[in-house]
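Okay, here's what each chain looks like letter by letter:
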Amino acid sequence: MADAGSSTARAKSVPADMPKSVVVVVGSLVVLLLGFLLLRSMSTEDVEIAGLPDHPIMPAEVGSIQIRTGGADGVRVLIDGSEVPTVDQQGARAVQAAGVPDGPHELRVVVPRSPSWLGSVTTSRVFTVDSVPPALQVEDSLRPDGPDKPVTVTGTVQDATRVEVADKPVMPDPQGGFSAVVDRPDREVQVVATDAAGNRAERTMTVHIRHSGMRAVHLTGLAWTSGSLREPVLEMARQGKIDTIELDLKDESGEVVYDSAVPMAHQIGAVKGYYNARQVLDHLHGLGVRVVGRLVAFKDPVLGAASWNGGHPERVVQTAAGQPWTSGAYGSYAFTNFSDPVVVRYNIDLAAEAAELGFDDVLYDYVRRPDGHIEQMRIPGLTTTPEAAIADFLRQTQTEVRSRGALLGASVFGISVDRPTEIAQDIRQISRYVDYVSPMVYPSHWAPGEFGVGNPNSQPYDIVARSLAAFAKAVEGTDVQIIPWLQDFSLGVSYGPGEVAAQINAARANGMNSFLLWAPNCRYHDAALNPTG
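Residues numbered from 1 in each chain as written. Predicted model: local features only at pLDDT ≥ 70, side-chain atom pairs only at ≥ 80, totals over all residues. Heavy atoms only, no water.

**Student:** Now, about the packing of helix α11 (residues 460–474) against helix α12 (residues 497–509): what can you tell me, with residues and values included?
**Tutor:** Direction vectors running N to C along α11 and α12 enclose 30°, while the axes themselves pass 8 Å from each other. When the axis of α11 is compared with that of α12, the two are roughly parallel. Note that α11 runs across α12; the crossing there is right-handed. Counted together, P460, Y461, V464, A465 and L468 of α11 and E499, A502, Q503, N505, A506, A507 and A509 of α12 form the full contact between these two elements. Within the contact of α11 with α12, the residues separate by chemical class into nine nonpolar, two polar and one charged. (Axes fitted to C-alpha atoms, helices over the stretch in contact; angles between N-to-C directions. Helix = DSSP H or I, 4+ residues; strand = E, 2+ residues; numbered from the N terminus. Parallel < 35°, antiparallel > 145°, perpendicular 65-115°, else oblique. Left-handed = near helix turned anticlockwise from the far one by under 90°. Contact = heavy atoms within 4.5 Å. Nonpolar A, V, L, I, M, F, W, Y, C, P; charged D, E, K, R; others polar.)

Next up, the structure:
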(Lines give C-alpha, C1' and ligand atoms only; values in the text may rest on other atoms or scores of the structure.)
Protein backbone atom coordinates (compact mmCIF):
# COMPACT_ATOMS: atom_id res chain seq x y z
CA MET A 1 0.00 0.00 0.00
CA ALA A 2 2.79 2.35 0.81
CA ASP A 3 4.33 1.88 -2.61
CA ALA A 4 1.01 2.55 -4.26
CA GLY A 5 0.70 5.84 -2.30
CA SER A 6 4.14 7.04 -3.47
CA SER A 7 3.24 6.31 -7.04
CA THR A 8 0.13 8.36 -6.71
CA ALA A 9 2.04 11.32 -5.30
CA ARG A 10 4.52 11.30 -8.15
CA ALA A 11 1.73 11.09 -10.59
CA LYS A 12 0.28 14.29 -9.17
CA SER A 13 3.65 16.18 -9.44
CA VAL A 14 4.62 15.14 -12.94
CA PRO A 15 2.09 14.80 -15.68
CA ALA A 16 2.00 11.29 -16.90
CA ASP A 17 2.50 12.36 -20.45
CA MET A 18 5.60 14.68 -19.79
CA PRO A 19 8.80 13.24 -21.19
CA LYS A 20 11.60 12.67 -18.71
CA SER A 21 13.99 14.85 -20.75
CA VAL A 22 11.85 17.91 -20.11
CA VAL A 23 11.93 17.26 -16.41
CA VAL A 24 15.70 17.14 -16.51
CA VAL A 25 15.92 20.42 -18.42
CA VAL A 26 13.61 22.24 -16.04
CA GLY A 27 15.52 20.96 -13.08
CA SER A 28 18.80 22.14 -14.59
CA LEU A 29 17.41 25.61 -15.20
CA VAL A 30 16.33 25.86 -11.60
CA VAL A 31 19.78 24.83 -10.45
CA LEU A 32 21.42 27.37 -12.78
CA LEU A 33 19.15 30.15 -11.56
CA LEU A 34 19.89 29.38 -7.96
CA GLY A 35 23.61 29.28 -8.73
CA PHE A 36 23.48 32.62 -10.51
CA LEU A 37 21.67 34.19 -7.60
CA LEU A 38 24.25 32.77 -5.24
CA LEU A 39 27.15 34.01 -7.36
CA ARG A 40 25.52 37.42 -7.76
CA SER A 41 25.19 37.71 -4.04
CA MET A 42 28.92 36.97 -3.73
CA SER A 43 30.05 39.45 -6.42
CA THR A 44 32.54 42.16 -5.44
CA GLU A 45 31.68 44.38 -8.37
CA ASP A 46 29.52 46.56 -6.15
CA VAL A 47 32.43 47.27 -3.77
CA GLU A 48 34.54 50.26 -4.87
CA ILE A 49 37.67 51.25 -2.94
CA ALA A 50 39.19 54.65 -3.71
CA GLY A 51 42.25 56.30 -2.22
CA LEU A 52 44.56 53.29 -2.39
CA PRO A 53 47.13 53.83 -5.14
CA ASP A 54 49.57 51.14 -6.21
CA HIS A 55 52.44 52.91 -4.42
CA PRO A 56 52.92 53.35 -0.64
CA ILE A 57 50.93 56.00 1.18
CA MET A 58 51.65 58.22 4.17
CA PRO A 59 49.81 57.52 7.46
CA ALA A 60 47.54 60.53 7.05
CA GLU A 61 46.33 59.19 3.70
CA VAL A 62 44.68 56.21 5.37
CA GLY A 63 41.92 58.65 6.20
CA SER A 64 41.50 59.29 2.47
CA ILE A 65 40.35 55.74 1.76
CA GLN A 66 36.72 55.74 0.65
CA ILE A 67 34.49 52.69 0.21
CA ARG A 68 31.29 52.49 -1.82
CA THR A 69 29.09 49.41 -1.46
CA GLY A 70 25.89 50.34 -3.25
CA GLY A 71 24.10 51.30 -0.07
CA ALA A 72 24.34 47.91 1.64
CA ASP A 73 23.72 47.87 5.38
CA GLY A 74 25.89 46.21 7.97
CA VAL A 75 29.16 46.72 6.08
CA ARG A 76 32.26 46.11 8.17
CA VAL A 77 35.71 47.55 7.41
CA LEU A 78 38.78 45.91 8.90
CA ILE A 79 42.50 46.70 8.80
CA ASP A 80 44.71 43.76 9.69
CA GLY A 81 41.71 41.94 11.11
CA SER A 82 40.57 44.72 13.44
CA GLU A 83 37.41 46.61 12.66
CA VAL A 84 37.85 50.34 12.10
CA PRO A 85 35.15 53.02 12.15
CA THR A 86 33.92 54.84 9.06
CA VAL A 87 31.98 58.03 8.51
CA ASP A 88 29.62 58.88 5.70
CA GLN A 89 31.00 61.28 3.10
CA GLN A 90 28.64 61.96 0.21
CA GLY A 91 27.46 58.40 -0.01
CA ALA A 92 30.82 56.78 0.64
CA ARG A 93 32.33 55.35 3.80
CA ALA A 94 35.54 57.18 4.75
CA VAL A 95 37.93 55.15 6.88
CA GLN A 96 38.65 56.64 10.28
CA ALA A 97 41.87 54.98 11.35
CA ALA A 98 44.70 56.79 13.11
CA GLY A 99 48.12 55.54 14.00
CA VAL A 100 48.44 52.88 11.32
CA PRO A 101 52.13 51.95 11.54
CA ASP A 102 54.60 51.76 8.69
CA GLY A 103 54.62 48.54 6.72
CA PRO A 104 52.20 46.33 4.73
CA HIS A 105 48.54 46.08 5.77
CA GLU A 106 45.37 44.33 4.62
CA LEU A 107 42.11 46.20 4.15
CA ARG A 108 38.98 44.02 4.16
CA VAL A 109 35.46 45.15 3.36
CA VAL A 110 32.80 42.68 4.50
CA VAL A 111 29.39 43.17 2.86
CA PRO A 112 26.35 41.10 4.00
CA ARG A 113 24.68 39.08 1.21
CA SER A 114 21.05 39.41 0.38
CA PRO A 115 19.16 37.43 1.37
CA SER A 116 20.95 37.16 4.69
CA TRP A 117 20.93 33.39 4.69
CA LEU A 118 23.56 33.59 1.93
CA GLY A 119 26.12 35.01 4.42
CA SER A 120 28.55 37.76 3.32
CA VAL A 121 31.18 38.59 0.72
CA THR A 122 34.66 39.97 1.49
CA THR A 123 36.79 42.28 -0.68
CA SER A 124 40.48 42.58 0.23
CA ARG A 125 43.22 45.01 -0.73
CA VAL A 126 46.83 45.08 0.43
CA PHE A 127 48.54 48.46 0.93
CA THR A 128 51.73 49.82 2.44
CA VAL A 129 52.15 52.75 4.82
CA ASP A 130 55.40 54.72 4.70
CA SER A 131 56.12 57.74 6.91
CA VAL A 132 59.90 57.83 6.54
CA PRO A 133 61.28 60.54 4.20
CA PRO A 134 64.14 59.72 1.86
CA ALA A 135 67.64 59.72 3.31
CA LEU A 136 69.15 62.92 1.90
CA GLN A 137 72.67 64.22 2.41
CA VAL A 138 74.04 67.39 0.84
CA GLU A 139 76.72 69.98 1.50
CA ASP A 140 76.01 72.37 4.36
CA SER A 141 77.02 75.46 2.41
CA LEU A 142 78.10 76.55 -1.03
CA ARG A 143 80.97 78.81 -1.96
CA PRO A 144 80.99 80.12 -5.53
CA ASP A 145 83.94 82.00 -6.95
CA GLY A 146 82.04 85.27 -6.75
CA PRO A 147 78.63 86.89 -7.00
CA ASP A 148 76.45 85.65 -9.81
CA LYS A 149 78.81 82.72 -10.35
CA PRO A 150 77.56 79.12 -10.62
CA VAL A 151 77.70 76.62 -7.79
CA THR A 152 77.66 72.84 -7.95
CA VAL A 153 75.36 71.04 -5.53
CA THR A 154 76.29 67.42 -4.81
CA GLY A 155 74.76 64.87 -2.51
CA THR A 156 73.31 61.40 -2.06
CA VAL A 157 69.76 60.19 -1.63
CA GLN A 158 68.11 56.86 -0.90
CA ASP A 159 64.51 55.74 -1.53
CA ALA A 160 63.54 58.83 -3.53
CA THR A 161 61.52 58.85 -6.72
CA ARG A 162 62.20 62.53 -7.45
CA VAL A 163 65.00 64.96 -6.60
CA GLU A 164 64.91 68.72 -7.28
CA VAL A 165 67.76 71.19 -6.93
CA ALA A 166 66.69 74.84 -7.06
CA ASP A 167 63.30 73.71 -8.42
CA LYS A 168 64.84 71.73 -11.27
CA PRO A 169 64.67 67.91 -11.47
CA VAL A 170 67.88 65.92 -11.11
CA MET A 171 68.36 62.22 -11.86
CA PRO A 172 70.43 60.35 -9.22
CA ASP A 173 72.75 57.59 -10.33
CA PRO A 174 72.07 53.94 -9.36
CA GLN A 175 73.92 54.46 -6.08
CA GLY A 176 71.84 57.55 -5.23
CA GLY A 177 74.51 60.13 -5.97
CA PHE A 178 73.55 63.36 -7.73
CA SER A 179 75.15 66.58 -8.88
CA ALA A 180 73.60 69.74 -10.29
CA VAL A 181 74.98 73.10 -11.39
CA VAL A 182 72.98 76.16 -10.34
CA ASP A 183 73.96 78.90 -12.74
CA ARG A 184 72.72 81.93 -10.82
CA PRO A 185 72.14 80.94 -7.21
CA ASP A 186 70.18 83.03 -4.76
CA ARG A 187 71.28 83.45 -1.16
CA GLU A 188 69.99 79.94 -0.48
CA VAL A 189 69.66 76.83 -2.64
CA GLN A 190 67.08 74.21 -1.72
CA VAL A 191 67.23 70.48 -2.43
CA VAL A 192 64.01 68.46 -2.15
CA ALA A 193 63.79 64.67 -2.35
CA THR A 194 60.37 62.97 -2.56
CA ASP A 195 59.57 59.25 -2.25
CA ALA A 196 56.71 57.23 -3.73
CA ALA A 197 54.47 57.94 -0.75
CA GLY A 198 55.03 61.69 -1.01
CA ASN A 199 57.36 62.02 1.99
CA ARG A 200 59.76 64.93 1.50
CA ALA A 201 63.27 65.52 2.72
CA GLU A 202 64.44 69.11 2.35
CA ARG A 203 67.85 70.68 2.79
CA THR A 204 68.71 74.35 2.37
CA MET A 205 72.28 75.37 1.71
CA THR A 206 73.49 78.92 2.19
CA VAL A 207 75.53 80.40 -0.62
CA HIS A 208 78.53 82.11 0.96
CA ILE A 209 80.77 84.42 -1.01
CA ARG A 210 84.03 85.30 0.63
CA HIS A 211 84.77 88.99 0.32
CA SER A 212 88.24 89.64 -1.03
CA GLY A 213 88.82 92.24 1.67
CA MET A 214 89.37 95.97 1.46
CA ARG A 215 91.41 98.85 2.82
CA ALA A 216 89.12 101.72 1.96
CA VAL A 217 88.38 105.40 2.45
CA HIS A 218 85.11 107.20 1.83
CA LEU A 219 84.41 110.03 -0.62
CA THR A 220 81.19 111.96 -1.07
CA GLY A 221 79.81 112.67 -4.50
CA LEU A 222 80.92 116.30 -4.34
CA ALA A 223 84.35 115.32 -2.99
CA TRP A 224 84.92 113.28 -6.12
CA THR A 225 84.39 116.42 -8.20
CA SER A 226 87.03 118.28 -6.17
CA GLY A 227 90.58 117.71 -7.34
CA SER A 228 91.99 118.75 -3.98
CA LEU A 229 90.04 115.96 -2.27
CA ARG A 230 90.00 113.33 -4.99
CA GLU A 231 93.69 113.37 -6.02
CA PRO A 232 95.20 112.65 -2.57
CA VAL A 233 92.94 109.63 -2.30
CA LEU A 234 93.91 108.42 -5.76
CA GLU A 235 97.56 108.86 -4.81
CA MET A 236 96.99 106.65 -1.76
CA ALA A 237 95.64 104.01 -4.14
CA ARG A 238 98.60 104.36 -6.49
CA GLN A 239 100.97 103.83 -3.56
CA GLY A 240 99.08 100.72 -2.47
CA LYS A 241 98.02 102.19 0.85
CA ILE A 242 94.37 101.60 -0.01
CA ASP A 243 92.76 99.29 -2.54
CA THR A 244 89.14 100.45 -2.37
CA ILE A 245 87.21 103.72 -2.52
CA GLU A 246 83.71 104.00 -1.15
CA LEU A 247 81.67 106.54 -3.10
CA ASP A 248 78.24 107.89 -2.22
CA LEU A 249 75.25 106.81 -4.29
CA LYS A 250 72.54 108.41 -2.16
CA ASP A 251 73.68 110.42 0.83
CA GLU A 252 72.17 111.59 4.13
CA SER A 253 70.49 114.53 2.44
CA GLY A 254 68.50 112.18 0.21
CA GLU A 255 70.36 113.35 -2.87
CA VAL A 256 71.21 110.75 -5.51
CA VAL A 257 74.63 112.03 -6.42
CA TYR A 258 75.37 110.01 -9.57
CA ASP A 259 73.56 110.00 -12.91
CA SER A 260 70.84 107.53 -11.86
CA ALA A 261 68.10 106.45 -14.25
CA VAL A 262 65.76 105.16 -11.52
CA PRO A 263 62.38 106.76 -12.35
CA MET A 264 61.33 107.55 -8.80
CA ALA A 265 64.61 109.34 -8.09
CA HIS A 266 63.77 111.69 -10.95
CA GLN A 267 60.12 112.04 -9.95
CA ILE A 268 61.03 113.35 -6.50
CA GLY A 269 63.89 115.53 -7.77
CA ALA A 270 66.61 113.56 -5.98
CA VAL A 271 69.05 113.09 -8.87
CA LYS A 272 71.97 115.53 -8.81
CA GLY A 273 74.38 113.71 -11.10
CA TYR A 274 77.59 115.06 -9.59
CA TYR A 275 79.48 112.28 -11.32
CA ASN A 276 79.01 109.90 -14.22
CA ALA A 277 79.05 106.46 -12.62
CA ARG A 278 80.19 104.58 -15.70
CA GLN A 279 83.14 106.89 -16.28
CA VAL A 280 84.20 106.83 -12.63
CA LEU A 281 84.00 103.06 -12.44
CA ASP A 282 86.03 102.64 -15.61
CA HIS A 283 88.67 105.02 -14.28
CA LEU A 284 88.99 103.38 -10.85
CA HIS A 285 88.82 99.83 -12.12
CA GLY A 286 91.51 100.77 -14.59
CA LEU A 287 93.72 101.66 -11.62
CA GLY A 288 92.95 98.31 -10.00
CA VAL A 289 90.76 99.95 -7.35
CA ARG A 290 87.57 98.32 -6.11
CA VAL A 291 84.56 100.64 -5.77
CA VAL A 292 81.92 100.39 -3.07
CA GLY A 293 78.70 102.33 -3.48
CA ARG A 294 77.43 103.81 -0.22
CA LEU A 295 73.65 103.94 -0.20
CA VAL A 296 71.95 105.76 2.67
CA ALA A 297 68.68 103.89 2.94
CA PHE A 298 66.04 105.22 5.31
CA LYS A 299 67.35 108.65 6.30
CA ASP A 300 65.98 110.37 3.22
CA PRO A 301 64.56 113.88 3.62
CA VAL A 302 63.98 114.22 -0.13
CA LEU A 303 61.79 111.14 -0.40
CA GLY A 304 60.22 111.89 2.99
CA ALA A 305 59.16 115.43 2.09
CA ALA A 306 57.97 114.43 -1.39
CA SER A 307 55.91 111.61 0.08
CA TRP A 308 54.37 113.67 2.88
CA ASN A 309 53.55 116.63 0.68
CA GLY A 310 52.36 114.35 -2.11
CA GLY A 311 49.68 112.67 0.00
CA HIS A 312 51.64 109.60 1.07
CA PRO A 313 52.29 110.06 4.80
CA GLU A 314 52.54 106.26 5.18
CA ARG A 315 56.01 106.43 3.67
CA VAL A 316 57.31 108.42 6.64
CA VAL A 317 58.00 107.30 10.20
CA GLN A 318 55.61 109.26 12.41
CA THR A 319 55.07 110.30 15.98
CA ALA A 320 52.25 108.75 17.98
CA ALA A 321 50.22 111.84 17.05
CA GLY A 322 50.69 111.19 13.35
CA GLN A 323 53.27 113.87 12.61
CA PRO A 324 56.63 113.31 10.87
CA TRP A 325 59.23 111.94 13.26
CA THR A 326 61.91 114.61 13.63
CA SER A 327 64.42 112.46 15.57
CA GLY A 328 66.14 115.45 17.13
CA ALA A 329 68.75 116.99 14.87
CA TYR A 330 67.70 115.00 11.82
CA GLY A 331 64.83 117.35 10.96
CA SER A 332 61.33 116.80 9.58
CA TYR A 333 60.59 114.02 7.10
CA ALA A 334 64.10 112.70 7.73
CA PHE A 335 63.25 109.06 8.29
CA THR A 336 61.29 107.16 5.71
CA ASN A 337 59.29 104.07 6.57
CA PHE A 338 61.37 100.90 6.25
CA SER A 339 58.20 98.77 6.13
CA ASP A 340 56.58 100.66 3.27
CA PRO A 341 56.85 98.76 -0.04
CA VAL A 342 57.41 101.90 -2.12
CA VAL A 343 60.27 103.07 0.10
CA VAL A 344 61.79 99.59 0.09
CA ARG A 345 61.50 99.28 -3.69
CA TYR A 346 63.09 102.69 -4.27
CA ASN A 347 66.20 101.78 -2.32
CA ILE A 348 66.44 98.32 -3.87
CA ASP A 349 66.16 99.82 -7.35
CA LEU A 350 69.07 102.13 -6.61
CA ALA A 351 71.13 99.25 -5.23
CA ALA A 352 70.34 97.06 -8.23
CA GLU A 353 71.24 99.86 -10.63
CA ALA A 354 74.57 100.39 -8.90
CA ALA A 355 75.37 96.69 -9.15
CA GLU A 356 74.37 96.70 -12.82
CA LEU A 357 76.63 99.68 -13.48
CA GLY A 358 79.60 97.78 -12.05
CA PHE A 359 80.01 98.82 -8.42
CA ASP A 360 81.78 95.95 -6.68
CA ASP A 361 79.74 96.27 -3.49
CA VAL A 362 76.68 98.11 -2.28
CA LEU A 363 77.05 99.16 1.35
CA TYR A 364 73.89 100.36 3.05
CA ASP A 365 74.03 103.06 5.69
CA TYR A 366 71.16 104.19 7.91
CA VAL A 367 69.63 100.77 7.38
CA ARG A 368 67.71 101.15 10.61
CA ARG A 369 64.85 102.84 12.35
CA PRO A 370 65.36 106.30 13.89
CA ASP A 371 66.70 106.33 17.40
CA GLY A 372 64.15 107.06 20.09
CA HIS A 373 61.47 105.21 22.02
CA ILE A 374 59.71 102.81 19.68
CA GLU A 375 56.45 103.09 21.63
CA GLN A 376 56.34 106.78 20.71
CA MET A 377 56.59 106.02 16.98
CA ARG A 378 53.98 105.14 14.42
CA ILE A 379 55.30 102.94 11.61
CA PRO A 380 52.44 102.38 9.14
CA GLY A 381 52.20 98.87 7.74
CA LEU A 382 54.64 97.29 10.17
CA THR A 383 53.39 93.76 10.91
CA THR A 384 56.52 92.32 12.51
CA THR A 385 59.34 93.60 14.67
CA PRO A 386 61.42 96.48 13.33
CA GLU A 387 64.48 94.21 13.51
CA ALA A 388 62.83 91.56 11.33
CA ALA A 389 61.66 94.20 8.85
CA ILE A 390 65.19 95.57 8.45
CA ALA A 391 66.59 92.06 7.97
CA ASP A 392 63.93 91.28 5.37
CA PHE A 393 64.81 94.44 3.47
CA LEU A 394 68.38 93.20 3.27
CA ARG A 395 67.16 89.77 2.16
CA GLN A 396 65.27 91.32 -0.73
CA THR A 397 68.23 93.47 -1.71
CA GLN A 398 70.84 90.74 -1.63
CA THR A 399 69.16 88.72 -4.36
CA GLU A 400 69.00 91.76 -6.65
CA VAL A 401 72.58 92.84 -5.98
CA ARG A 402 74.17 89.42 -6.21
CA SER A 403 72.37 88.58 -9.43
CA ARG A 404 74.12 91.58 -10.96
CA GLY A 405 77.58 90.62 -9.79
CA ALA A 406 78.00 92.69 -6.61
CA LEU A 407 78.19 91.98 -2.89
CA LEU A 408 76.06 93.53 -0.14
CA GLY A 409 77.14 95.04 3.16
CA ALA A 410 75.36 96.82 6.01
CA SER A 411 76.80 99.59 8.17
CA VAL A 412 75.61 99.26 11.76
CA PHE A 413 75.93 101.15 15.02
CA GLY A 414 78.51 99.86 17.46
CA ILE A 415 75.82 99.46 20.13
CA SER A 416 73.90 97.04 17.92
CA VAL A 417 76.22 94.26 19.01
CA ASP A 418 74.48 94.01 22.38
CA ARG A 419 71.47 96.33 22.03
CA PRO A 420 69.71 95.14 18.87
CA THR A 421 66.36 96.80 19.54
CA GLU A 422 67.61 100.36 20.10
CA ILE A 423 67.71 101.11 16.38
CA ALA A 424 66.43 97.80 14.93
CA GLN A 425 69.79 96.34 13.99
CA ASP A 426 69.92 92.71 15.09
CA ILE A 427 73.34 91.44 14.05
CA ARG A 428 72.36 87.76 13.96
CA GLN A 429 69.37 88.49 11.73
CA ILE A 430 71.28 90.92 9.54
CA SER A 431 74.19 88.51 9.07
CA ARG A 432 71.88 86.05 7.28
CA TYR A 433 71.35 88.42 4.37
CA VAL A 434 74.58 90.34 3.84
CA ASP A 435 78.09 89.40 2.82
CA TYR A 436 79.66 91.63 5.43
CA VAL A 437 78.74 93.81 8.37
CA SER A 438 80.49 97.15 8.89
CA PRO A 439 80.18 98.28 12.52
CA MET A 440 80.90 101.93 13.18
CA VAL A 441 83.16 101.49 16.19
CA TYR A 442 84.40 105.08 16.27
CA PRO A 443 86.05 105.65 19.67
CA SER A 444 84.41 109.08 20.00
CA HIS A 445 80.96 107.48 19.82
CA TRP A 446 81.30 105.22 22.87
CA ALA A 447 80.30 106.28 26.37
CA PRO A 448 82.82 106.08 29.20
CA GLY A 449 83.04 102.58 30.63
CA GLU A 450 81.79 100.73 27.54
CA PHE A 451 83.48 97.32 27.33
CA GLY A 452 85.41 98.26 30.44
CA VAL A 453 87.23 101.13 28.72
CA GLY A 454 87.30 104.19 30.93
CA ASN A 455 87.77 106.83 28.23
CA PRO A 456 87.15 105.26 24.81
CA ASN A 457 87.97 108.42 22.84
CA SER A 458 91.43 108.54 24.38
CA GLN A 459 91.92 104.75 24.16
CA PRO A 460 91.26 103.97 20.49
CA TYR A 461 93.06 100.62 20.49
CA ASP A 462 91.28 99.29 23.56
CA ILE A 463 87.74 100.23 22.58
CA VAL A 464 88.10 99.08 18.97
CA ALA A 465 89.73 95.78 19.96
CA ARG A 466 87.09 94.96 22.57
CA SER A 467 84.06 96.05 20.60
CA LEU A 468 85.16 94.18 17.49
CA ALA A 469 85.77 91.07 19.58
CA ALA A 470 82.11 91.29 20.61
CA PHE A 471 81.05 91.57 16.96
CA ALA A 472 83.19 88.56 16.06
CA LYS A 473 81.44 86.57 18.76
CA ALA A 474 78.02 87.78 17.58
CA VAL A 475 78.54 86.31 14.09
CA GLU A 476 80.30 83.17 15.27
CA GLY A 477 79.21 80.15 13.28
CA THR A 478 78.37 82.17 10.18
CA ASP A 479 80.44 83.04 7.13
CA VAL A 480 79.64 86.74 7.28
CA GLN A 481 82.69 89.01 7.55
CA ILE A 482 83.26 92.00 9.77
CA ILE A 483 84.76 95.00 7.95
CA PRO A 484 84.76 97.88 10.46
CA TRP A 485 84.41 101.59 10.03
CA LEU A 486 87.29 103.35 11.79
CA GLN A 487 87.64 106.98 12.86
CA ASP A 488 89.87 109.40 10.97
CA PHE A 489 88.51 112.63 12.40
CA SER A 490 88.80 114.59 15.63
CA LEU A 491 85.86 114.89 17.99
CA GLY A 492 86.76 115.87 21.54
CA VAL A 493 90.23 114.36 21.16
CA SER A 494 92.70 115.23 18.40
CA TYR A 495 93.24 112.32 16.04
CA GLY A 496 96.25 111.86 13.81
CA PRO A 497 98.16 108.99 12.21
CA GLY A 498 98.86 107.34 15.56
CA GLU A 499 95.24 107.10 16.61
CA VAL A 500 94.17 105.86 13.19
CA ALA A 501 96.92 103.24 13.12
CA ALA A 502 95.95 102.09 16.63
CA GLN A 503 92.46 101.29 15.40
CA ILE A 504 93.75 99.43 12.36
CA ASN A 505 96.01 97.36 14.62
CA ALA A 506 93.11 96.64 16.96
CA ALA A 507 91.06 95.33 14.06
CA ARG A 508 93.97 93.21 12.90
CA ALA A 509 94.28 91.76 16.41
CA ASN A 510 90.77 90.37 15.90
CA GLY A 511 91.74 88.79 12.58
CA MET A 512 90.13 91.62 10.62
CA ASN A 513 92.55 92.93 8.02
CA SER A 514 89.89 94.97 6.23
CA PHE A 515 88.66 98.41 7.20
CA LEU A 516 86.91 101.56 5.98
CA LEU A 517 88.12 104.96 7.14
CA TRP A 518 85.61 107.75 7.70
CA ALA A 519 86.50 111.44 7.60
CA PRO A 520 83.59 113.87 7.13
CA ASN A 521 85.89 116.29 5.29
CA CYS A 522 87.27 113.46 3.10
CA ARG A 523 90.86 114.26 4.11
CA TYR A 524 92.79 111.25 5.41
CA HIS A 525 95.98 110.64 7.36
CA ASP A 526 97.79 108.54 4.82
CA ALA A 527 100.79 108.32 7.15
CA ALA A 528 98.71 105.88 9.22
CA LEU A 529 98.81 103.45 6.31
CA ASN A 530 101.53 101.58 4.52
CA PRO A 531 101.56 99.71 1.23
CA THR A 532 101.22 96.34 2.95
CA GLY A 533 98.16 97.42 4.96
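**Student:** Quick rundown of the pairing of strand β25 (residues 407–413)? Include the residues and the values.
**Tutor:** The buried fraction of β25 amounts to six of the seven residues, a majority that puts the element mostly inside the structure. Sheet topology note: the strand β23 (residues 361–365)/β25 ladder contains four bridges and is parallel. Bridge pairing in β25 links L363 to G409. Both β25 and strand β26 (residues 436–440) contribute to a ladder of five bridges, which runs parallel. Counted as the bridge partner of G409 is Y436 from β26. (Buried < 20%, exposed > 50% of the residue type's maximum accessible area, 1.4 Å probe, protein only. Pairing = 2+ DSSP bridges.)

**Student:** I'd like a description of the packing of helix α8 (residues 341–357) against helix α9 (residues 386–402), backed by residues and values.
**Tutor:** It is the contact of α8 with α9, at a shortest axis distance of 9 Å, that shows an interaxial angle of 30°. One element, α8, and the other, α9, form an angle in the roughly parallel class. As α8 runs across α9, the sense of the crossing is right-handed. Residues V344, R345, N347, I348, A351, A352 and A355 of α8 pack against F393, Q396, T397, E400 and V401 of α9. Across the contact of α8 with α9, the residue classes tally to seven nonpolar, three polar and two charged.

**Student:** Describe the sheet that holds strand β6 (residues 92–95), naming the residues involved and giving the relevant values.
**Tutor:** One open sheet holds the four strands; their spatial order is β1-β2-β6-β5, and the pairing between them is antiparallel. Single-partner strands in this sheet number two, and they are β1 (48–50) and β5 (86–89). The mean angle between the axes of side-by-side strands here comes to 30°, regardless of whether they run parallel or antiparallel. Judged from the three bridges that link them, β1 and strand β2 (residues 66–68) form a sheet pairing that is antiparallel. By the bridge assignment, E48 is partnered in β2 with R68.

**Student:** Run through the pairing of strand β17 (residues 215–219), naming residues and quoting values.
**Tutor:** Most of β17 is tucked away, with five of its five residues classed as buried. Neither face of β17 is exposed, since R215, V217 and L219 on one face and A216 and H218 on the opposite face are all buried. Note that β17 and strand β18 (residues 244–250) share four bridges and pair parallel. By the bridge assignment for β18, H218 is matched with E246.

**Student:** How would you explain the packing of aromatic side chains if you had to name every residue and give the values?
**Tutor:** One pass over the full model with this rule turns up 11 aromatic pairs. Ring geometry for Y364 versus F393: centroids 4.8 Å apart, planes at 45°, classification tilted. Residue Y364 is located in strand β23, and its partner F393 is located in helix α9; the two are separated by 29 residues in the primary sequence. Look at Y364 and you get buried, because its relative accessible area is 0%. Looking at F393, the relative accessible area reads 1%, which means it is buried. Where W446 meets F451, the ring centres are 5.4 Å apart and the plane angle is 80°; that geometry is what we call edge-to-face. Taken together, F298, F338, Y364 and F393 form an aromatic cluster joined through their ring pairs. The positively charged end of R230 is found above the aromatic ring belonging to W224, 5.6 Å away from the centroid. (Phe/Tyr/Trp six-rings, centres within 6.5 Å; stacked < 30°, edge-to-face > 60°. Lys NZ or Arg CZ within 6 Å of the ring centre and 35° of its normal.)

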